[in-house]
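# Structural overview for review
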Amino acid sequence: TQAKGGKGKGKVGLREGDGLEEVVRATEADTLLVLTSEGRAYAVNAAKVPPPNASGYGTAIAQVLGTMSNVPMVALVPLGTPAQAAAEAAALEAAAEEGEEVQAEKPYAGRCLLMLTRNGGIKKTPLTPSLFKLSKAGSALIKVEEGDAVGWAATCSPGDCVLVATSTGRVLLFPTDTLRAAGRGAGPIKGIKLGAGQEVVGMTLVPRALVPSLAADPGASEGEEEAGEQVDAGSGPWVLMVTAEGKGKRVPLSVFSVQRRGNAGVYGTRPKDGDSLAVVRMVRPGEEVVLGTARGKVSRLALESVPVYSKSAVGNKLISISPGDVVQAVAVVPSRDKGEGAASDSETEAAVEQGDGAADAGSGGVDWDAMMKA
């Protein structure tokens, strides 16, 4: 890890005109779902993504996928392993045989793929085992209108909530259950209302187990805090917010309340003039944060070094940004501890299933950081 406010290190080699787009954590046994801005999806085994060469340059994602597509790849989603998908599908079939009603559109184990567009549209589609074995031609998962584009994607389960954020610092938290699971040919519906000059900058999922900890009164979400107020850190989790100029903070998740989909949301941060919110993530105790800029600078910070502020504050400088550069990606490295603040049960079980070498970066079936470039 590095000190907060440092310049970071150029760990990701970038060619002229290229930029860091996304950083995710996966295991070599996982299947990675890659989505394009047009909503087309491709699947690849994580072990087939080669490490960077001596100069730090990665391999073109189109080459890894074996496709000639020149459409920008915008989202990289770890789906887990085919064995996990098969087990969940078998559990669903067993439930059907016992007389439980299973809708034709229902995904296995209730899991879905959530997709968010840059104009604020959102769609939930069943996460079926067929996504693990897509052909090289891929498959269209969402119908995107002209002038819009897919920007983010994640898997969700029944009872989860999604937090959508805009460039002006407004956020909207609503249940994913309010979204009907639609087929692959359907388009998005309104997720968040955008004002003049606003654009969507990302989303983060809030697991069902954490929903009861959210604030109960939506009316207590704005206007009651002094600017710059530092608050009690609590025990987490928090919503991490980082601006394009590298300023960031943590806000306790418990101060946010669930609202109705399609609203404009409330302010989660208030960027200064000339700056804008760049990314949001939900974080837990013991985790680390990796900040990536458009020019390939990468800085890894201990989460404890990021201050906890009220929603009306901007935050402190987390990484020094060179002129013309901006923060473009933030990845969260899960804690390996088994105590409070550790990674979720699903993450822990996935690591155990990989064998004793799961926590060793030098052995097979290990955890590693898969990086995708635009």
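The rules behind each value
Residues numbered from 1 in each chain as written. Predicted model: local features only at pLDDT ≥ 70, side-chain atom pairs only at ≥ 80, totals over all residues. Heavy atoms only, no water. Helix = DSSP H or I, 4+ residues; strand = E, 2+ residues; numbered from the N terminus. Buried < 20%, exposed > 50% of the residue type's maximum accessible area, 1.4 Å probe, protein only. Lys, Arg positive; Asp, Glu negative; His and termini not counted. Salt bridge = Lys/Arg side-chain N within 4 Å of Asp/Glu carboxyl O. Polar contact = N/O pair within 3.5 Å; in protein donor to acceptor, adjacent residues only side chain to side chain. Contact = heavy atoms within 4.5 Å. Pairing = 2+ DSSP bridges. pLDDT = per-residue confidence, 0-100.

### Considering the side chain of Asp160
Take Asp160: it is sitting in the loop between strand E8 (150–156) and strand E9 (161–166). Despite its burial, Asp160 pairs with no opposite charge, the nearest such side chain being Arg208 at 5.7 Å. Within the structure, Asp160 has its side chain in polar contact with the backbone nitrogen of Arg208 (distance 2.9 Å). Among all residues touching Asp160, those that are not within four sequence positions of it are Pro175, Thr176, Asp177, Leu205, Val206, Pro207 and Arg208.

### With respect to the sheet that holds strand E15 (residues 266–267)
Ordered by their spatial adjacency, 4 strands build an open sheet running E12-E9-E10-E15, and the pairing between neighbours is antiparallel. Because the sheet does not close on itself, it has two edges, and the strands there are strand E12 (200–206) and E15. Examined bridge by bridge, E9 and strand E10 (residues 170–175) share 5 bridges and lie antiparallel to one another. Among the inter-strand pairings, Cys161 is bridged to a residue of E10, identified as Pro175.

### Some details on the side chain of Gln198
Its location among the elements puts Gln198 in the loop between strand E11 (189–190) and E12. Using a relative accessible area of 16% as the deciding quantity, one classes Gln198 as buried. At 2.6 Å, the side chain of Gln198 and the side chain of Thr168 are in polar contact. From its side chain, Gln198 meets the backbone nitrogen of Gly195 in a polar contact 2.4 Å long.

### Side note on unusual backbone geometry
Note the cis peptide between Gly236 and Pro237, where omega equals 0°. With respect to the element layout, Pro237 can be found in the loop between E12 and strand E13 (238–243).

### Side note on the confidence of the model for the protein chain
Residues of the protein chain with pLDDT of at least 70 account for 72%, and the chain-wide mean is 77. Contacts of residues 338–374 to residues separated by more than four positions or lying in other chains number 79 contacts, the stretch itself having pLDDT below 50.

### A look at the pattern of salt bridges
Any two side chains of opposite charge can pair if their charged atoms end up close together. According to the stated counting rule, one finds 1 salt bridge in the structure shown. Taking the shortest distance from any N to any O, the salt bridge between Glu288 and Arg300 comes out at 2.6 Å. In this pair, Glu288 is assigned in strand E17 (residues 288–293) and Arg300 in strand E18 (residues 298–302), connecting sequence segments 12 residues apart. Glu288 sits in the partly exposed class, given a relative accessible area of 22%.

### Brief notes about the environment of Thr166
With respect to the secondary-structure elements, Thr166 resides in strand E9. By relative accessible area, which is 0% here, Thr166 ends up buried. Put simply, Thr166 and Val280 are 114 residues apart on the chain and 9.5 Å apart in space, counted from C-alpha to C-alpha. Dropping the residues within four chain positions of it, Thr166 is found in contact with Ile192, Leu194, Gln198, Glu199, Val200, Val201 and Leu277. At 3.2 Å, the side chain of Thr166 forms a polar contact with the side chain of Gln198.

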